[in-house]
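# Working through the structure, step by step
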Amino acid sequence: MLIKDGIRVDGRKYDELRPIKIEAGVLHRAEGSCALEWGNNRVLAAVYGPREAIPRHTQHPLKAVVNARYNMVPFSVSDRKRPGPDRRSVEISKVTAEALSNVVFTEFFPRTSIDVSIEVLGAEAGTRCAGITAASVALADAGIPMRDLPVACAAGKVDGTIVLDLAGEEDCEGEADLPIAIAPRTGKILLMQMDGHLTFNEFEEALELALAGCKQVSKLQKEALLRRYHVTASTNESELTPKKEEVSA
Ligand code: ADP
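Residues numbered from 1 in each chain as written. Predicted model: local features only at pLDDT ≥ 70, side-chain atom pairs only at ≥ 80, totals over all residues. Heavy atoms only, no water.

### Let's talk about the nonpolar core
Grouped together as the largest cluster of nonpolar side chains are 62 residues, with contacts concentrated most on Trp38, Val47, Val104, Ile114, Val116 and Leu139. Leave out the neighbours within four places in its chain, and Ile114 touches Val47, Tyr48, Pro50, Ala64, Val65, Val66, Asn67, Val104, Leu139 and Ile144. Grouped together as the second largest cluster of nonpolar side chains are five residues, Leu2, Ile3, Val158 and Val163 included. (Core = buried A, V, L, I, M, F, W, Y, C linked by side-chain atoms within 4.5 Å. Buried < 20%, exposed > 50% of the residue type's maximum accessible area, 1.4 Å probe, protein only. Contact = heavy atoms within 4.5 Å.)

Quick look at the structure:
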(Lines give C-alpha, C1' and ligand atoms only; values in the text may rest on other atoms or scores of the structure.)
Protein backbone atom coordinates (compact mmCIF):
# COMPACT_ATOMS: atom_id res chain seq x y z
CA MET A 1 0.00 0.00 0.00
CA LEU A 2 1.53 3.28 -1.11
CA ILE A 3 -1.24 5.63 0.05
CA LYS A 4 -2.82 5.30 3.50
CA ASP A 5 -5.57 7.66 4.69
CA GLY A 6 -4.66 10.08 1.90
CA ILE A 7 -0.99 10.20 2.92
CA ARG A 8 1.75 8.87 0.65
CA VAL A 9 4.72 6.71 1.71
CA ASP A 10 6.94 9.76 2.19
CA GLY A 11 4.26 11.67 4.11
CA ARG A 12 3.09 13.90 1.26
CA LYS A 13 -0.48 14.70 0.24
CA TYR A 14 -1.60 13.83 -3.29
CA ASP A 15 -0.83 17.32 -4.63
CA GLU A 16 2.43 17.99 -2.80
CA LEU A 17 5.86 18.31 -4.40
CA ARG A 18 9.03 16.94 -2.85
CA PRO A 19 11.27 19.66 -1.34
CA ILE A 20 13.12 21.56 -4.08
CA LYS A 21 16.23 23.73 -3.86
CA ILE A 22 17.64 25.59 -6.86
CA GLU A 23 20.91 27.50 -7.06
CA ALA A 24 22.08 29.33 -10.18
CA GLY A 25 25.69 30.07 -11.15
CA VAL A 26 27.50 27.34 -9.26
CA LEU A 27 30.33 26.60 -11.75
CA HIS A 28 32.79 29.30 -12.71
CA ARG A 29 34.06 27.67 -15.92
CA ALA A 30 30.62 27.27 -17.47
CA GLU A 31 28.81 30.16 -19.14
CA GLY A 32 25.79 29.29 -17.04
CA SER A 33 25.07 26.63 -14.45
CA CYS A 34 22.56 25.37 -11.92
CA ALA A 35 22.54 22.95 -9.00
CA LEU A 36 19.17 21.48 -8.21
CA GLU A 37 17.93 19.25 -5.41
CA TRP A 38 14.50 17.72 -5.87
CA GLY A 39 13.70 15.19 -3.16
CA ASN A 40 16.64 12.81 -3.37
CA ASN A 41 17.49 13.84 -6.92
CA ARG A 42 20.71 15.82 -7.27
CA VAL A 43 21.33 17.43 -10.64
CA LEU A 44 24.01 19.73 -11.98
CA ALA A 45 23.44 21.54 -15.29
CA ALA A 46 26.07 23.50 -17.21
CA VAL A 47 25.78 25.53 -20.40
CA TYR A 48 28.61 26.22 -22.86
CA GLY A 49 28.22 28.46 -25.90
CA PRO A 50 26.95 29.72 -28.22
CA ARG A 51 30.26 28.70 -29.83
CA GLU A 52 31.25 27.66 -33.34
CA ALA A 53 29.75 24.22 -33.93
CA ILE A 54 32.45 21.65 -34.58
CA PRO A 55 32.67 19.47 -36.67
CA ARG A 56 31.40 21.86 -39.30
CA HIS A 57 28.80 19.49 -40.74
CA THR A 58 26.87 19.86 -37.46
CA GLN A 59 26.40 23.59 -38.12
CA HIS A 60 23.07 25.02 -39.24
CA PRO A 61 23.56 28.04 -41.52
CA LEU A 62 20.56 29.90 -40.07
CA LYS A 63 20.45 28.99 -36.40
CA ALA A 64 22.21 27.59 -33.37
CA VAL A 65 21.93 23.90 -32.59
CA VAL A 66 21.01 23.13 -29.00
CA ASN A 67 22.67 19.93 -27.79
CA ALA A 68 21.80 18.30 -24.49
CA ARG A 69 23.68 15.51 -22.78
CA TYR A 70 21.86 13.83 -19.90
CA ASN A 71 24.16 11.57 -17.92
CA MET A 72 23.67 9.55 -14.74
CA VAL A 73 26.88 9.04 -12.80
CA PRO A 74 27.59 5.45 -11.63
CA PHE A 75 26.88 6.27 -7.96
CA SER A 76 23.57 8.04 -8.67
CA VAL A 77 21.49 4.87 -8.20
CA SER A 78 21.56 2.06 -5.62
CA ASP A 79 23.17 -0.52 -7.95
CA ARG A 80 26.24 0.98 -9.57
CA LYS A 81 25.22 2.18 -13.04
CA ARG A 82 27.51 1.30 -15.94
CA PRO A 83 29.20 4.56 -16.97
CA GLY A 84 28.47 6.10 -20.34
CA PRO A 85 25.42 6.53 -22.52
CA ASP A 86 22.65 3.95 -22.75
CA ARG A 87 19.32 3.90 -24.60
CA ARG A 88 17.54 5.72 -21.78
CA SER A 89 20.06 8.57 -21.50
CA VAL A 90 20.16 8.99 -25.30
CA GLU A 91 16.36 9.29 -25.31
CA ILE A 92 16.28 11.76 -22.40
CA SER A 93 19.08 13.84 -24.00
CA LYS A 94 17.08 14.01 -27.24
CA VAL A 95 13.75 15.05 -25.68
CA THR A 96 15.54 17.57 -23.45
CA ALA A 97 17.34 19.18 -26.40
CA GLU A 98 14.04 19.40 -28.30
CA ALA A 99 12.24 20.98 -25.34
CA LEU A 100 14.98 23.59 -24.84
CA SER A 101 15.42 24.36 -28.57
CA ASN A 102 11.78 25.41 -28.68
CA VAL A 103 12.35 28.38 -26.38
CA VAL A 104 15.87 29.51 -27.29
CA PHE A 105 16.17 32.26 -29.94
CA THR A 106 18.39 29.94 -31.98
CA GLU A 107 18.10 32.23 -35.04
CA PHE A 108 20.31 34.80 -33.23
CA PHE A 109 23.36 32.52 -33.40
CA PRO A 110 23.74 30.81 -36.80
CA ARG A 111 26.43 28.12 -37.20
CA THR A 112 26.91 27.76 -33.46
CA SER A 113 26.12 25.14 -30.88
CA ILE A 114 24.74 25.68 -27.40
CA ASP A 115 25.81 22.70 -25.33
CA VAL A 116 23.87 21.75 -22.24
CA SER A 117 25.34 19.18 -19.91
CA ILE A 118 23.11 17.55 -17.30
CA GLU A 119 24.81 15.38 -14.72
CA VAL A 120 22.58 13.36 -12.42
CA LEU A 121 24.53 12.81 -9.22
CA GLY A 122 21.67 11.26 -7.29
CA ALA A 123 18.50 9.75 -8.76
CA GLU A 124 15.16 8.88 -7.26
CA ALA A 125 12.51 9.27 -9.98
CA GLY A 126 11.75 12.39 -11.96
CA THR A 127 15.30 13.09 -13.09
CA ARG A 128 14.31 14.16 -16.62
CA CYS A 129 12.05 16.84 -15.09
CA ALA A 130 14.80 17.87 -12.68
CA GLY A 131 17.30 17.97 -15.58
CA ILE A 132 15.14 20.19 -17.80
CA THR A 133 14.30 22.50 -14.90
CA ALA A 134 18.00 22.86 -14.02
CA ALA A 135 19.07 23.27 -17.66
CA SER A 136 16.56 26.05 -18.10
CA VAL A 137 18.02 28.00 -15.16
CA ALA A 138 21.56 27.36 -16.45
CA LEU A 139 20.57 28.73 -19.90
CA ALA A 140 19.16 31.86 -18.31
CA ASP A 141 22.26 32.17 -16.13
CA ALA A 142 24.37 31.96 -19.32
CA GLY A 143 22.40 34.91 -20.71
CA ILE A 144 21.06 32.90 -23.65
CA PRO A 145 18.06 34.79 -25.06
CA MET A 146 14.90 32.73 -24.57
CA ARG A 147 11.21 33.20 -25.18
CA ASP A 148 10.43 31.58 -21.85
CA LEU A 149 11.95 29.72 -18.91
CA PRO A 150 11.02 26.06 -19.42
CA VAL A 151 9.98 24.09 -16.39
CA ALA A 152 9.10 20.43 -15.90
CA CYS A 153 7.17 18.32 -13.43
CA ALA A 154 5.45 14.93 -13.43
CA ALA A 155 2.19 13.58 -12.13
CA GLY A 156 1.11 9.97 -12.11
CA LYS A 157 -1.14 7.30 -10.68
CA VAL A 158 -0.42 5.41 -7.48
CA ASP A 159 -2.85 2.99 -5.79
CA GLY A 160 -5.57 4.25 -8.14
CA THR A 161 -5.03 7.89 -7.11
CA ILE A 162 -3.63 10.68 -9.30
CA VAL A 163 -0.67 12.20 -7.47
CA LEU A 164 1.92 14.91 -8.11
CA ASP A 165 5.66 14.27 -8.48
CA LEU A 166 6.18 10.53 -8.00
CA ALA A 167 9.09 9.55 -5.74
CA GLY A 168 11.18 6.34 -5.89
CA GLU A 169 8.82 3.61 -4.71
CA GLU A 170 5.81 5.28 -6.31
CA ASP A 171 7.61 5.39 -9.65
CA CYS A 172 8.54 1.69 -9.46
CA GLU A 173 5.26 0.35 -8.06
CA GLY A 174 2.81 2.96 -9.38
CA GLU A 175 0.48 2.52 -12.33
CA ALA A 176 1.51 5.52 -14.46
CA ASP A 177 3.90 8.45 -14.73
CA LEU A 178 3.32 11.54 -16.87
CA PRO A 179 6.32 13.89 -17.03
CA ILE A 180 5.70 17.18 -18.83
CA ALA A 181 7.73 20.30 -19.57
CA ILE A 182 6.08 23.59 -20.44
CA ALA A 183 6.85 27.15 -21.41
CA PRO A 184 5.01 28.74 -18.47
CA ARG A 185 4.24 32.11 -20.06
CA THR A 186 2.35 30.63 -22.98
CA GLY A 187 1.45 27.26 -21.47
CA LYS A 188 2.94 25.58 -24.54
CA ILE A 189 3.87 21.95 -23.90
CA LEU A 190 7.53 21.26 -24.67
CA LEU A 191 7.66 17.65 -23.54
CA MET A 192 5.09 15.04 -22.69
CA GLN A 193 5.82 11.39 -22.09
CA MET A 194 3.80 8.68 -20.44
CA ASP A 195 4.73 5.46 -18.77
CA GLY A 196 1.84 3.10 -17.89
CA HIS A 197 -1.88 3.49 -18.50
CA LEU A 198 -4.41 6.21 -17.67
CA THR A 199 -8.03 6.62 -18.72
CA PHE A 200 -8.84 9.84 -20.55
CA ASN A 201 -10.26 11.43 -17.39
CA GLU A 202 -7.27 10.32 -15.33
CA PHE A 203 -4.96 11.73 -17.99
CA GLU A 204 -6.72 15.11 -17.81
CA GLU A 205 -6.52 15.09 -14.01
CA ALA A 206 -2.81 14.17 -14.08
CA LEU A 207 -2.07 16.84 -16.67
CA GLU A 208 -3.84 19.48 -14.57
CA LEU A 209 -1.86 18.42 -11.51
CA ALA A 210 1.47 18.39 -13.40
CA LEU A 211 0.73 21.89 -14.75
CA ALA A 212 0.05 23.11 -11.21
CA GLY A 213 3.36 21.54 -10.15
CA CYS A 214 5.17 23.29 -13.01
CA LYS A 215 3.80 26.63 -11.80
CA GLN A 216 5.24 26.06 -8.31
CA VAL A 217 8.64 24.98 -9.66
CA SER A 218 8.69 27.91 -12.09
CA LYS A 219 8.43 30.29 -9.13
CA LEU A 220 11.46 28.62 -7.50
CA GLN A 221 13.46 28.95 -10.74
CA LYS A 222 12.79 32.68 -10.91
CA GLU A 223 13.67 33.14 -7.23
CA ALA A 224 16.98 31.31 -7.81
CA LEU A 225 17.83 33.62 -10.71
CA LEU A 226 16.90 36.71 -8.70
CA ARG A 227 19.10 35.51 -5.82
CA ARG A 228 21.96 34.98 -8.28
CA TYR A 229 21.83 38.64 -9.20
CA HIS A 230 21.25 39.75 -5.61
CA VAL A 231 17.82 41.07 -6.41
CA THR A 232 15.08 40.26 -3.94
CA ALA A 233 11.74 39.14 -5.29
CA SER A 234 10.10 42.25 -3.81
CA THR A 235 12.47 44.61 -5.65
CA ASN A 236 10.58 47.02 -7.84
CA GLU A 237 11.91 49.07 -10.71
CA SER A 238 12.39 52.25 -8.68
CA GLU A 239 14.76 50.35 -6.35
CA LEU A 240 16.83 49.24 -9.35
CA THR A 241 17.11 52.76 -10.73
CA PRO A 242 20.08 54.61 -9.15
CA LYS A 243 19.04 57.62 -7.06
CA LYS A 244 19.96 61.08 -8.36
CA GLU A 245 22.61 61.68 -5.68
CA GLU A 246 24.23 58.30 -6.49
CA VAL A 247 24.46 59.23 -10.19
CA SER A 248 25.98 62.66 -9.51
CA ALA A 249 28.46 61.19 -7.00
P1 ADP B 1 13.00 9.67 -14.57
O2 ADP B 1 14.22 9.71 -13.68
O3 ADP B 1 12.88 10.85 -15.45
O4 ADP B 1 11.73 9.41 -13.77
P5 ADP B 1 12.76 6.92 -15.46
O6 ADP B 1 11.30 6.82 -15.24
O7 ADP B 1 13.34 6.23 -16.66
O8 ADP B 1 13.20 8.45 -15.56
O9 ADP B 1 13.55 6.39 -14.19
C10 ADP B 1 12.97 6.39 -12.92
C11 ADP B 1 14.04 6.16 -11.88
O12 ADP B 1 14.58 4.86 -12.03
C13 ADP B 1 15.24 7.09 -11.99
O14 ADP B 1 15.03 8.37 -11.47
C15 ADP B 1 16.26 6.30 -11.18
O16 ADP B 1 16.04 6.51 -9.80
C17 ADP B 1 15.91 4.85 -11.54
N18 ADP B 1 16.83 4.38 -12.60
C19 ADP B 1 16.89 4.76 -13.88
N20 ADP B 1 17.89 4.15 -14.55
C21 ADP B 1 18.46 3.33 -13.65
C22 ADP B 1 19.56 2.39 -13.71
N23 ADP B 1 20.25 2.18 -14.82
N24 ADP B 1 19.86 1.73 -12.58
C25 ADP B 1 19.16 1.91 -11.45
N26 ADP B 1 18.13 2.77 -11.32
C27 ADP B 1 17.78 3.47 -12.40
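What follows continues from the structure just given.
### A few points about the site of the ligand
In the region of the ligand, the neighbouring residues are Met72, Val77, Lys81, Arg88, Ala123, Glu124, Ala125, Gly126, Thr127, Arg128 and Asp171. In the model, an oxygen atom of the ligand is placed 2.7 Å from a nitrogen or oxygen of the Arg88 side chain. In the complex, 71% of the free accessible area of the ligand, which totals 530 Å², lies under the protein chains. Here the shell around the ligand is built from residues that sort into four nonpolar, two polar and five charged. (Near = heavy atom within 4 Å. Polar contact = N/O pair within 3.5 Å; in protein donor to acceptor, adjacent residues only side chain to side chain. Areas by Shrake-Rupley, 256 points an atom, 1.4 Å probe, with all protein chains shown as cover. Nonpolar A, V, L, I, M, F, W, Y, C, P; charged D, E, K, R; others polar.)

### Topic: the sheet that holds strand β5 (residues 41-52)
Strand order across the open sheet formed by five strands is β3-β4-β5-β7-β6, with mixed pairing between neighbours. Two strands lie at the open edges of the sheet, namely β3 (20-24) and β6 (65-72), each paired on one side alone. Within this sheet the neighbouring strands show an average axis-to-axis angle of 15°, counted without direction. When β3 meets strand β4 (residues 32-38), the two strands line up antiparallel, connected through five bridges. Bridge pairing links Ala24 to Cys34 in β4. Helix α1 (residues 87-101) contacts β6 and β7 (112-122) of the sheet and is inclined by roughly 145° relative to β6. Contacts between helix α2 (residues 127-141) and the sheet are confined to β3, β4, β5, β6 and β7, with β4 contributing the most and set at about 150° to the helix. (Pairing = 2+ DSSP bridges. Helix = DSSP H or I, 4+ residues; strand = E, 2+ residues; numbered from the N terminus. Axes fitted to C-alpha atoms, helices over the stretch in contact; angles between N-to-C directions.)

### Some thoughts on the pattern of salt bridges
Using the criterion set out here, one finds 17 salt bridges in the structure. With its nearest N and O atoms 2.7 Å apart, the salt bridge here joins Glu98 to Lys94. Taken together, the residues span about one helical turn, with Glu98 and Lys94 both in helix α1 at a distance of four residues. On the accessibility criterion, Lys94 (51% relative accessible area) is exposed. The partner of Arg147 in a salt bridge is Glu107, and the shortest N-O contact between them spans 3.2 Å. Residue Arg147 is found in the loop between α2 and β8 (151-158), and its partner Glu107 is found in the loop between α1 and β7; the two are separated by 40 residues along the sequence. Shared partners join several salt bridges into a network, and the residues in it are Arg8, Asp10, Arg12, Arg18, Asp165 and Glu170. (Salt bridge = Lys/Arg side-chain N within 4 Å of Asp/Glu carboxyl O.)

### Re helix α4 (residues 200-228)
For α4, spanning 29 residues, the distance from its first C-alpha to its last is 42 Å, which sits close to the expected 42 Å at 1.5 Å a residue. Along α4, the residues classified as buried are Glu202, Ala206, Leu207, Leu209, Ala210, Gly213, Cys214, Val217, Ser218, Gln221, Ala224 and Leu225. In the stretch just after α4, His230 is the one whose phi turns positive, near 55°. (Expected span 1.5 Å × (residues − 1).)

### A word on the packing of aromatic side chains
Scanning all chains against the criterion turns up two aromatic pairs. Relative to Phe108, the ring of Phe105 lies with its centre 5.0 Å away and its plane at 10°, an arrangement referred to as stacked. Geometrically, the ring pair formed by Phe108 and Phe109 is edge-to-face, given 6.3 Å between the ring centres and 65° between the ring planes. A relative accessible area of 49% means that Phe108 is categorised as partly exposed. The structure contains a cluster of three or more aromatic residues connected by ring pairs, namely Phe105, Phe108 and Phe109. Here the basic side chain of Arg147 rests over the ring of Phe105, its NZ or CZ set 4.5 Å away from the ring centre. (Phe/Tyr/Trp six-rings, centres within 6.5 Å; stacked < 30°, edge-to-face > 60°. Lys NZ or Arg CZ within 6 Å of the ring centre and 35° of its normal.)

### What to know about the state of the cysteines
On inspection of all chains with the given rule, the structure shows zero disulfides. Free cysteine: Cys34, not disulfide-bonded; nearest cysteine sulfur from Cys129 at 14 Å. Looking at the unpaired Cys172, the closest cysteine sulfur is the one in Cys129, lying at 16 Å. With a relative accessible area of 64%, Cys172 lands in the exposed category. (Disulfide = S-S within 2.5 Å.)

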